[in-house]
Amino acid sequence: MRTLILIPAVTALLAACAPVEDRGPQGILAPGDPARAVMAAVETVVTTDPAVDADDPALWADPRDPSRAVMFGTDKSDGLYVHNLDGTVRQFLPSGPVNNVDYRTGFIVAGREQVLVAASNDAPGGNGVNLYLFDPATLATTDYGFLSTPYEPYGFCMGRRDGTFFLVVTTKAGTVHQMTVAAGPAGPVIGEPRVLTLSSQLEGCVVNDAADTLYVGEEDVGFWRFDFDPAAPTTATEIARVDRIRIKDDVEGLTIIRDRGMEYLVVSSQGDSTYPVFRIEGDQHVYVGRFAIVDGPVIDGVTQTDGLDAFSGPIGPFPEGALAFHDHEDAANPGQQNFKMVDWRDVRTALGL
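1. Observations regarding the overall build of the chain
Item 1. Across its full length, the chain carries two helices and 26 strands.
Item 2. For the chain, the C-alpha radius of gyration of 19 Å lies close to 20 Å, the compact-globule estimate for 353 residues.
Item 3. Projected onto its principal axes, the C-alpha positions of the chain cover 60 × 45 × 45 Å.
Item 4. Per-residue burial for the chain yields a buried fraction of 58% across its 353 residues.
Item 5. For the chain, the share of sequence-separated contacts (at least 6 apart) that also reach a separation of at least 24 residues comes to 51%.
Item 6. For the chain, the separation between the mean place of its 25 positive charges and that of its 49 negative charges on side chains is 5 Å.

2. Topic: unusual backbone geometry
Residues other than glycine predominantly adopt negative phi, and peptide bonds predominantly adopt the trans conformation.
Item 1. Note the cis peptide between Asp 249 and Asp 250, where omega equals 15°.
Item 2. With respect to the helices and strands, the residue Asp 250 is situated in the loop between strand 19 (237–241) and strand 20 (251–259).
Item 3. Phi angles above zero are rare outside glycine, and Arg 244 is one such case at about 60°.
Item 4. Structurally, Arg 244 is set in the loop between strand 19 and strand 20.
Item 5. In this structure, Gln 304 is a non-glycine residue whose phi angle is positive, near 50°.

3. A short note on the sheet that holds strand 25 (residues 322–327)
Item 1. Ordered by their spatial adjacency, four strands build an open sheet running 2-26-25-24, and the pairing between neighbours is antiparallel. If you trace the sheet from one side to the other, it starts and ends with strand 2 (42–43) and strand 24 (308–311), each paired once.

4. Observations regarding the sheet that holds strand 17 (residues 213–218)
Item 1. Spatial strand order, 16-17-18-19: four strands in an open sheet with antiparallel pairing. At either end of the open sheet lies a strand with only one pairing partner, and these are strand 16 (202–208) and strand 19. Averaged over neighbouring strand pairs, the angle between their axes works out to 20° when direction is ignored.

5. Notes on the state of the cysteines
Item 1. Inspection of the entire model under this criterion finds one disulfide.
Item 2. Disulfide partner of Cys 157: Cys 205, at an S-S distance of 2.3 Å. Judged by the torsion about the S-S bond (-120°), the Cys 157/Cys 205 disulfide is left-handed. Taken together, the residues span a long stretch of sequence, with Cys 157 in strand 11 (residues 156–161) and Cys 205 in strand 16 at a distance of 48 residues. An identical accessibility class is assigned to Cys 157 and Cys 205; each is buried.

6. Some words on the nonpolar core
Item 1. Among the nonpolar cores identified, the biggest contains 33 residues, and Leu 59, Trp 60, Phe 72, Tyr 103, Val 117, Phe 134 and Ile 315 are the most heavily contacted of them.
Item 2. It is strand 3 (residues 54–62) that contributes the most residues to this core, five residues altogether.
Item 3. When near neighbours in sequence (up to four residues on either side) are disregarded, Phe 134 contacts Trp 60, Val 70, Phe 72, Gln 114, Val 115, Val 117, Leu 139, Ala 140 and Thr 141.
Item 4. The next biggest cluster of nonpolar side chains, apart from the first, holds 20 residues, and it includes Ile 257, Tyr 264, Ile 293 and Trp 344.

7. Some remarks on the pairing of strand 18 (residues 222–227)
Item 1. Strand 18 sits mainly inside the fold: five of its six residues count as buried.
Item 2. Where strand 17 hands over to strand 18, the hairpin turn is made up of three residues, counted between the paired strands.
Item 3. Examined bridge by bridge, strand 18 and strand 19 share four bridges and lie antiparallel to one another. What sits directly across from Phe 223, in strand 19, is Ala 240.

8. Focus: the pairing of strand 24
Item 1. Residues Leu 308 and Ala 310 point to one face of strand 24 and Asp 309 and Phe 311 to the other, with burial holding for every one of them.
Item 2. The pairing of strand 24 with strand 25 spans four bridges and is antiparallel. Across the sheet, residue Asp 309 finds its bridge partner in strand 25, namely Ala 324.

Each value, and the rule that gives it
- The written sequence of each chain sets the order in which its residues are numbered from 1.
- The predicted origin of the model limits local features to residues at a pLDDT of at least 70 and limits the giving and counting of side-chain atom pairs to 80 or more, whereas totals for whole chains, interfaces and linings rest on all residues.
- Only hydrogens and water are removed before side-chain values are computed, so all heavy atoms of the structure are retained for them.
- Secondary structure elements are taken from DSSP: a helix is a run of H or I of four residues or more, a strand is a run of E of two residues or more, and numbering for both begins at the N terminus.
- Throughout, radius of gyration means the C-alpha value; the globule benchmark is 2.2 Å times the number of residues raised to the power 0.38.
- To sort residues, take the accessible area from a 1.4 Å probe on protein chains only and compare it with the maximum for the residue type: under 20% means buried, over 50% means exposed, and anything in between is partly exposed.
- Contacts were defined at the residue level, with two residues in contact if any of their heavy atoms lie within 4.5 Å.
- Within this scheme the basic residues Lys and Arg register as positive and the acidic residues Asp and Glu register as negative, but His and the chain ends are omitted.
- By convention, charge coordinates are those of NZ in Lys, CZ in Arg, CG in Asp, or CD in Glu.
- Pairs of strands are assigned from DSSP output, requiring at least two bridges between the strands.
- Note on method: axes are straight lines fitted to C-alpha atoms, helices fitted across the in-contact stretch only, with angles between N-to-C directions ranging 0 to 180 degrees.
- In what follows, a disulfide is any cysteine sulfur pair within 2.5 Å.
- What we call a nonpolar core is a set of buried Ala, Val, Leu, Ile, Met, Phe, Trp, Tyr and Cys residues that are connected through their side-chain atoms within 4.5 Å.

This is the structure we're talking about:
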């Protein structure tokens, strides 16, 4: 495993000169609660673009045949990739600077069941959300429309309750916009937004459809839970704060994985590239440890991590679930960002779950 050690004086000098924040030691070298080491099993490879600006993944598998699986992955400069679960590119949609991506299954269009996929887009002068339809029969993804927004979208997730589909957009201004989406005769129909507010820049979010809750990451503060019912109070419940022991700013992606009757909330702590994990027990969230993705024999580890996603149950080569993570630089291809996939069983073993 490669190890990077910076002498404190050098670290301070670099921090003073650098235009970006000093992220400090990464992964298992990060101070605070020890991060357990795991290795990636698969990484994405794009041969047509030496400067992929990756950010956020979303994993999908056919429940009838989990070997039929894909991963959607955003490129903040160019568009949306659809990857096979061996990491190769299946499809590319040149949608512009899409940032966060999510989907919900069971979206009926013209009598056919589709997967509704959507991603936030912060193109200058063209803010909004790109919508796509993914056909589970052919594994093909097509454009489905664009929702223009009067604000700059940043983070994004989706939810479903009582058969209604929702888009959720977060912003750097600290607002959350929750709105319905339905299939109309001429394309998607968007409802009026419910607006939630926190105090500072937001990005990652995830909806727990079964529990009717929305989790939102406030980058330099921590993460919160809202009632997802559009008619519910807009009060936020604090779940955990940045303490630089378990969680370091920036809080980025949030995802949920279900395993053996338990639910776990996994958080992307970009400041030190670790992943704190909380077991969800009703209204309680029990911290169970954190992990980091380190160099393996073939695939490098993860640094300056951003978005992540989890899939519960069998998917592709992973019989009990998988997680996908953004990596700021693929060691084998300097200057290119990519995504790493990790077997959930390795995380479960590392944390003793």
